[in-house]
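# Residue-level structure breakdown
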Amino acid sequence: LPVLAIVGRPNVGKSTLVNRIIGRREAVVEDVPGVTRDRVTYDANWRGRRFTVVDTGGWDPEATGMNLRIAEQAQVAVELADVILFVVDATVGITDADQEVGNVLRQSGKPVILAANKVDNQQLELETHAMWSLGLGEPFPVSALHGRSSGDLLDEVLDKLPETPAETFGAERGPHRVALLGKPNVGKSSLLNKLAGEERVLVDPMAGTTRDPVDELIELGGKTWRFVDTAGIRRRDRELQGADFYAAMRTRAALEKAEVAIVLIDASEPLTEQDLRIIGLVIESGRAMVVAFNKWDLVDEDRRYYLEKEIDRQLVRTPWALRVNISALTGRHVDRLVPAIETALDSWATRVPTSRLNAFLTELVQQTPPPVRSGKQPKILFATQASTEPPKFVLFTSGWLEETYRRFIERRIREEFGFAGSPIEVTMKIRE
Ligand code: GDP
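Here is what the cut-offs are and how they apply
- Starting from 1, residues in each chain are numbered consecutively following that chain's sequence as written.
- In keeping with the predicted nature of the model, local features appear solely for residues at pLDDT of at least 70, side-chain atom pairs appear and are counted solely at 80 or more, and the whole-chain, interface and lining totals rest on all residues.
- For each residue, a C-beta atom is placed from the backbone, and the residue counts as near a molecule or strand when that atom lies within 6 Å of it.
- Runs of E in the DSSP output that reach at least two residues are strands. Runs of H or I that reach at least four are helices, and both are numbered from the N terminus.
- By the convention adopted, Pro, Cys, Tyr, Trp, Phe, Met, Ile, Leu, Val and Ala count as nonpolar, Lys, Arg, Asp and Glu as charged, and the other residues, Gly among them, as polar.
- Multiplying one less than the number of residues by 1.5 Å gives the expected span of a helix.
- Here a residue counts as buried when 20 or more other C-beta atoms fall within 10 Å of its C-beta, as exposed when 12 or fewer do, and as partly exposed in between; the C-beta atoms come from the backbone.
- Picture the helix axis, draw a direction to every C-beta atom, and the arc is the one those directions span.
- When DSSP finds at least two bridges between two strands, those strands are taken to pair.

### Here's the deal with the site of the ligand
Surrounding the ligand, one finds 16 residues, the nearest of these being Gly 187, Lys 188, Ser 189, Ser 190 and Leu 329. Looking at the shell around the ligand, the element that brings in the most residues is helix 8 (residues 188–196), giving three residues. Classifying every residue of the shell around the ligand by side-chain character gives six nonpolar, seven polar and three charged.

Okay, here's the thing in structure tokens:
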């Protein structure tokens, strides 16, 4: 979901405004410095559009050992947000701190909406004109208390929020989109036929510009799935399929449209460069992944164990990918594909609540502190999941974390919150 971050000094009425935006009263907390709140992100819905609201003023300084200065707070907001709502207090006017925040926001180039809060009368409304001096465009007078213009303010926010794929394909986004990938002759069209049982295939020429059907809708496990770009699979022009350049292009295009990829690999032959290249393209795309080893019927019973070990070794870059051994020919374990895809998609869409993430990391860091660098002990000040599909985490730190330590954190986040079948990303931002 797109992210709206709210920035502003304590006491300007941020949390009251947050409540207006999310349309709930539960989160009302007095906006005084040091007040503890266990949530900083909220799901909001305005005129049918969903977005996430991050209240940057709500971070709990006790739990994370952090007391961000206001400009730093603004910097964090800039990094997390698609749109920033900067709240100032009309009854106080522009303070030095506001000025500082204004500078950070202006330089970021991100869309900013400047809200002058507590405009409870005509006189104050006139005074908001002085706020043009921040260089953030027209100040938007609101009174969070009376709900004055907060609807208009939200319209303004919606205007500036980008349409994300997740949102466009949201709850009503239709069947999940699957890309079936693999080098020629690995058994893609055999599998497609097996899955579809031929007559149940609904050809969907919607996106097709040629006479080729592009996507096929297939019913599996009581659900409809959209297999994208199947024209290339069905087509018999093997030479074209085999050409590396076109193959990569087609794979990229399919991944672009898909949420999850099934990478088909021929288990009866050694893994090839081409197989690994396809897996590389999936990793690059950030999509969920299931690796299916096909033609398992051709693998001798007594070679299977050895082959599994060999595969483990070769797929060491993607230990998280879900794996199934199937035979498109006999139908062996083909029914395990759907649960694997579903698990991968669930992981891909998982959102870890900020409070849980921070509680987990606080404990983890206590048990295993980051290695000291240049005589300094780096600290993780705060962490948040910046996005889903794929899940991306940002660690705000007081110094460089060793790469091995960053990877350790990534591994532990995986173990703790379960991301089978999905890539995750853990990056750090240093606050010095
Ligand atoms: P595609 O190029 O990936 O679409 O591959 P095809 O589906 O056309 O399959 C290539 C060849 O492999 C065909 O001769 C299939 O019959 C065969 N094949 C596909 N899946 C299996 C399998 O699970 N076991 C065996 N033994 N052969 C298979």
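### Topic: helix 4 (residues 96–108)
Over its 13 residues, helix 4 runs 19 Å from end to end, which matches the ideal 18 Å to within 8%, given 1.5 Å per residue. Every buried residue of helix 4 is listed here: Asp 98, Val 101, Gly 102, Val 104 and Leu 105. Buried residues of helix 4, viewed axially, fall in a sector of 165°; they line one side. Exposed side of helix 4, more than 90 degrees from the buried face: Asp 96, Gln 99 and Gln 107 are the residues found there. Once helix 4 ends, the next one or two residues include Gly 109, with phi positive near 75°.

### A look at the pairing of strand 14 (residues 380–387)
Of all eight residues in strand 14, seven are buried; the element is thus mostly enclosed. Pairing of strand 14 with strand 15 (residues 392–397), which is carried by six bridges, proceeds in the antiparallel orientation. Its bridge partner lying in strand 15, Ala 383 is registered against Leu 395. Joining the antiparallel neighbours strand 14 and strand 15 is a turn of four residues, in which Glu 389 adopts a positive phi near 55°.

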